[in-house]
Amino acid sequence: MIDVNGYRANVGIMLRNQSGKLLWARRIGQDAWQFPQGGIAANETPEEAMFRELREEIGLAPTDVEIVARTRDWLRYRLPRRLVRHHSKPVCIGQKQIWFMLNLTADESRVRFDLTEKPEFDFWRWIDYWSPLKEVVAFKRDVYKRALKEFEPYCRPGRR
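Anyway, here's the lowdown on the structure attached to this text. (Residues numbered from 1 in each chain as written. Predicted model: local features only at pLDDT ≥ 70, side-chain atom pairs only at ≥ 80, totals over all residues. Heavy atoms only, no water.)

Observations concerning the overall build of the chain
Consideration 1: Counting secondary structure elements, the chain contains 3 helices and 8 strands.
Consideration 2: Its helices and strands taken in sequence order, the chain reads β-β-β-β-α-β-β-β-β-α-α from the N to the C terminus.
Consideration 3: Computed over its C-alpha atoms, the radius of gyration of the chain comes to 15 Å, within 12% of the 15 Å expected for a compact globule of 160 residues.
Consideration 4: Referenced to the eigenvectors of the C-alpha coordinate spread, the extents of the chain come out at roughly 45 × 35 × 35 Å.
Consideration 5: Burial analysis of the chain (160 residues in total) assigns 46% to the buried set.
Consideration 6: Partitioning the contacts of the chain with sequence separation of at least 6, the portion at a separation of at least 24 is 72%.
Consideration 7: Per element, the accessible surface of the chain, about 8,900 Å² overall, is 48% carbon and sulfur.
Consideration 8: Of note, the chain has its 29 positive side-chain charges centred 7 Å away from the centre of its 22 negative side-chain charges. (Helix = DSSP H or I, 4+ residues; strand = E, 2+ residues; numbered from the N terminus. Rg over C-alpha atoms; globule rule 2.2 N^0.38 Å. Buried < 20%, exposed > 50% of the residue type's maximum accessible area, 1.4 Å probe, protein only. Contact = heavy atoms within 4.5 Å. Areas by Shrake-Rupley, 256 points an atom, 1.4 Å probe, with all protein chains shown as cover. Lys, Arg positive; Asp, Glu negative; His and termini not counted. Charge placed at Lys NZ, Arg CZ, Asp CG, Glu CD.)

Shown next as structure tokens:
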């Protein structure tokens, strides 16, 4: 779904383990790391899209996680000009995202990438809370920072 301003509706997922580390995934065949994310279909709520993307991208079911928080509003980023597909109609200039913070309640061995024909990721690791800001592609950095700041109160040590 692309809105009248050219932003594609999307969800982002931050998955936290019991130690407070976040799941960080490498895009298949690239040296590009990010949180799982994906589009919202016309008939889906953000929560439904999040659970679908969670299953498709990292193999987890709703019973493997608990929702800790979600962003209050859409967070937007623009794509660099070189990534805008001007031949698409409507033209997508960026993404607007609702982010979710999840706690992993299942064993981490349940994380897997082989549930779809075209996996997005080929490797994952646990990282410190603020580390994504140093590693994510520049055009997503502000959205990551805003989501991490919004979720920070829910992720302080000792808080589960």
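Points about the pattern of salt bridges
Consideration 1: For the structure shown, the criterion picks out 12 salt bridges.
Consideration 2: A salt bridge links D3 to K96; its shortest N-O distance comes to 3.2 Å. Placement of the pair is D3 in the segment before β1 (7-16) and K96 in strand β7 (residues 94-104), with a sequence separation of 93 residues.
Consideration 3: Between R26 and D122 there is a salt bridge, and its shortest N-O distance comes to 2.8 Å. One end of the pair, R26, is in strand β2 (residues 22-27); the other, D122, is in strand β8 (residues 121-127), and 96 residues separate them in sequence.
Consideration 4: Since its relative accessible area comes to 26%, R26 is described here as partly exposed.
Consideration 5: Residue D122 is classed as partly exposed on the basis of its relative accessible area, which comes to 32%.
Consideration 6: Each of E44, R52, E53 and E56 takes part in a single network of salt bridges with overlapping partners. (Salt bridge = Lys/Arg side-chain N within 4 Å of Asp/Glu carboxyl O.)

What to know about the packing of aromatic side chains
What describes a pair of aromatic rings is the distance from one ring centre to the other and the angle between the planes of the rings.
Consideration 1: The final tally for this structure, using the stated rule, is 10 aromatic pairs.
Consideration 2: Where F113 meets F121, the ring centres are 6.1 Å apart and the plane angle is 55 degrees; that geometry is what we call tilted.
Consideration 3: Members of the aromatic cluster, each reached through a chain of ring pairs, are W24, F35, W99 and Y144. (Phe/Tyr/Trp six-rings, centres within 6.5 Å; stacked < 30°, edge-to-face > 60°.)

Side note on the nonpolar core
Here is a general trend for soluble globular proteins: nonpolar side chains tend to be buried in one another's company.
Consideration 1: Core analysis: the largest hydrophobic core is formed by 22 residues, its most contacted members being L15, L54, I58, L60 and L102.
Consideration 2: Put simply, the parts of the chain that give this core at least two residues each are β1, β2, α1 (46-58), β7 and β8.
Consideration 3: Tallying contributions element by element places α1 first for this core, with 5 residues.
Consideration 4: For L54, the residues in contact, after removing those within four places along its chain, are I13, G59, L60, A61, V65 and L102.
Consideration 5: Counting residues in each nonpolar core, the second largest holds 20 residues, with L22, L75, M101 and Y129 among its members. (Core = buried A, V, L, I, M, F, W, Y, C linked by side-chain atoms within 4.5 Å.)

Observations regarding helix α3 (residues 141-151)
Given 3.6 residues per turn, any residue in an α-helix points the same way as the ones three and four places further on.
Consideration 1: For α3, every residue scored as buried is listed here: V143, Y144, A147, L148, E150 and F151. Down the axis of α3, the buried side of the element spans an arc of 160 degrees, and every buried residue falls inside it. (Arc of directions from axis to C-beta.)

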